[in-house]
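Geometric and topological summary
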Amino acid sequence: MALPKEPRQKMINIMYLVLTAILALNVSNEVIEAFKTVDKSLMSSAANLGRSTNVVYKSLNDKLQDAQYKDKAAIWVPVANEIKKASEELNTYIEGLKTDLRKGSNLKEDGSFKEDNLDASTRIFETGKKGEELKKRLDEYKRKVISLNPELKQFESNFPVNSEGVVGKEGKEKDFTASYFHMTPTVAALTILSKFQNNVKNAENQMVSYAHSKLGEVVVKFDKTGVLFGQSSNYVMPGEEITVTAGIGAYSSAAAPQISIGGAGVPVVDGQGTFKFQASGAGKQSKTVTIRYKDQDGNEKTESKQVEYTVGTPGGAAVMLDKMNVFYIGVDNPVTIGSPTGWDKTQVSMSGGTISGSGSARTVRVSALGKASISVIANGKPSTFDFRVKKIPEPVFKVGSGKIRMAAVEFKNQQFCRAELENFDFDVKFNVVSATVYFSGANFPNVVQATLNGNSLAALSATMQRCGPGSVISFDNIKVSGPDGQRTIEGKSIALY
């Protein structure tokens, strides 16, 4: 646009250009929320990688004390420690840049800041030269890690951390700072920094895992003992309390065994889990004790036992749940009702749900959280029995084996995902409705977003084939449907090796 010489008209035209620029730079709420979702997934993935890497560090230090591995460990453990130190320093540095960026975007005491600020990233990373400094730190990290041992040179060409700029439409690579931080909204710049932090975690995991592979497999040493299982009583009356204690004969504090009793997860202290419940039903009953742990070779194993007990018949009316001590929404809850007199002299009713059937075998259906009561009038004597109403537990999203670390070739061969209920007495199925999927890490210089619909992974097949060791796939905003309706469950990040 040519500017006229007349001052007033020149000013009007300049103001028009400024307004047009402001409108063009407006960042929609949808875009802001999308970046926040990606940032959340990246940080979740980094946390998963960190936990996996910590297991490898512990195994390396254990082998330093093992005569069988001591010589090799003396070479590789110092390498791993240097990698850990360099990774922590770089991660802390990037976290500091995030803080500076929020402060530069009007950070308030409640933690909020101007997420769509387009000036802060340019001012800090371009004018303030922090972009050049970050690039230098990324390059130094790569050089230092690879130089720690000649064998690590093989990772130089596909090292997860790099400072390459973005290739523009004209086919030329842009400057690092201009690629990522020039007029970039604060929320997007923070996401980019999270990407670099995730790359650091990925590189640390790959390098330390390789160091460990030079010694052998991860070995978890059993260092404590516990009881297999025990119970406070094997004969009780309805309503009396039973305590079941379960553990494994030998366990590792690093392996952290997971224990469920009667379908409910229980906290584990010194290798043992304790579960208390009120007896219900009539006659011979049992509870399933399930223990998951890692054996001496680091392989995951599952052991199950049945704890048996007998419930006596009461002299008066009684209501006993056949499966668990609560009613679940969306399923048939079987109930046994005891009456000291004939059923022609017994009346059964319910509040907070519906009860069907006849005689002692009944079925309860509930639809709202809270409390439900069953009333039994036997021979003119009323009795009321209160029960809790709960939602069906949260299913777990899984692909293949369900592990958070998976071989790249295994992941690429998967065709379906699923939402699986673990350790639940009822036969309940959930279906995946939809999810947002993010591909990052190796082979993905920029995060790729995709949409999943249903249990089939067919729509993601082409992107999945690009994945390789070091790629991270994050499933977020996962919606599933079950007998109690639709719900959103916890996301899952899978790191490939």
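Residues numbered from 1 in each chain as written. Predicted model: local features only at pLDDT ≥ 70, side-chain atom pairs only at ≥ 80, totals over all residues. Heavy atoms only, no water.

1. Here we look at the overall build of the chain
For the record, the criterion: Numbered from the N terminus, helices here are DSSP runs of H or I no shorter than four residues, and strands are runs of E no shorter than two. Only protein chains enter the accessibility calculation, which uses a 1.4 Å probe. A residue is then buried if its area is under 20% of the maximum for its type, exposed if over 50%, and partly exposed in between. In this analysis, two residues are considered to be in contact whenever any of their non-hydrogen atoms come within 4.5 Å of each other. Each accessible area value is a Shrake-Rupley result obtained with a 1.4 Å probe; residue values ignore everything except the protein chains displayed when judging cover.
Tallying secondary structure elements over the chain gives 9 helices and 27 strands in all. Within the span of the chain, comprising 497 residues, buried residues form 42% of the whole. For the chain, contacts bridging at least 24 residues in sequence account for 64% of all contacts bridging at least 6. When the accessible surface of the chain is split by element, carbon and sulfur atoms take 49% of a total near 25,500 Å².

2. Some details on the layout of surface pockets
Going by this rule: Two kinds of site are reported from a 1 Å grid over the protein atoms alone, namely cavities, where a 1.4 Å probe fits but cannot get out, and pockets, open sets with protein on both sides within 12 Å along at least five of seven lines, and residues are called lining when an atom falls within 4 Å of a point. Grid points are joined across faces, edges and corners, and a volume is the space filled by probe spheres set on the points. Each residue gets one of three labels, nonpolar for Ala, Val, Leu, Ile, Met, Phe, Trp, Tyr, Cys and Pro, charged for Asp, Glu, Lys and Arg, and polar for the others, Gly among them.
For the second largest pocket, the calculated volume is near 540 Å³. Lining the second largest pocket are 28 residues, with Phe-159, Asn-162, Gly-441, Ala-442 and Asn-443 sitting closest to its centre. Those elements giving two or more residues to the lining of the second largest pocket turn out to be helix 7 (186-213) and strand 23 (431-441). Per-element tally for the lining of the second largest pocket: the top contributor is helix 7, with 4 residues. Partitioned by chemical class, the residues of the lining of the second largest pocket number 12 nonpolar, 12 polar and 4 charged.

3. Here we look at the pattern of salt bridges
Pairs can form between side chains of opposite charge once their charged atoms are near each other. The line we're drawing: We count a salt bridge whenever a side-chain nitrogen from Lys or Arg sits within 4 Å of a carboxyl oxygen from Asp or Glu.
Per the stated rule, a full pass over the model turns up 15 salt bridges. Residue Lys-144 is joined to Glu-82 by a salt bridge in which the shortest nitrogen-to-oxygen separation is 3.9 Å. Here Lys-144, found in helix 5 (residues 130-147), pairs with Glu-82, found in helix 3 (residues 70-103); they are 62 residues apart in sequence, far enough to count as distant. Take Lys-144: its relative accessible area is 34%, and that puts it in the partly exposed class. With its nearest N and O atoms 4.0 Å apart, the salt bridge here joins Lys-371 to Asp-386. Of the two residues, Lys-371 is situated in strand 18 (residues 370-378) and Asp-386 in strand 19 (residues 381-390); the sequence distance between them amounts to 15 residues. With a relative accessible area of 57%, Lys-371 lands in the exposed category. On the basis of relative accessible area, Asp-386 is assigned to the partly exposed category, the value being 47%. When salt bridges that share partners are traced, they join Lys-398, Arg-418, Glu-420 and Glu-422 into one network.

4. Things to note about the side chain of Thr-186
Here Thr-186 shows up in helix 7. Ignoring anything within four residues of it in the chain, the contact list for Thr-186 reads Leu-101, Ser-105, Phe-113, Lys-114, Glu-115, Asn-117 and Ala-120.

5. Looking at the pairing of strand 17 (residues 361-365)
Here is the rule: The pairing criterion is simple: DSSP has to find at least two bridges between the two strands.
Side-chain alternation along strand 17 places Arg-362 and Val-364 on a buried face and Ala-361, Thr-363 and Arg-365 on a face that remains uncovered. In terms of strand pairing, strand 14 (residues 333-338) meets strand 17 through 4 bridges, oriented antiparallel. Counterpart to Pro-334 in the pairing with strand 17 is Thr-363. Of the strand pairs in this sheet, strand 16 (residues 354-358) and strand 17 are connected by 5 bridges, and their pairing is antiparallel. Following the sheet pairing, Ser-358 is matched in strand 17 by Ala-361.

6. Concerning the sheet that holds strand 19
The strands making up a sheet are joined through hydrogen bonds of the backbone, oriented either antiparallel or parallel. For clarity, the cut-off: Lines are fitted to the C-alpha atoms to define the axes, a helix being fitted only along its stretch in contact, and any angle between axes, read from their N-to-C directions, falls within 0 to 180 degrees.
The sheet built from 4 strands is open, its strands ordered 13-19-18-15 with mixed pairing. Only two strands of the sheet have a single partner each, and these edge strands are strand 13 (326-328) and strand 15 (346-351). Recorded for the sheet is a direction-independent mean angle of 30 degrees between the axes of neighbouring strands. Here strand 18 runs beside strand 19; their pairing, made up of 9 bridges, is antiparallel. Paired with Ser-373 across the bridge in strand 19 is Asp-386.

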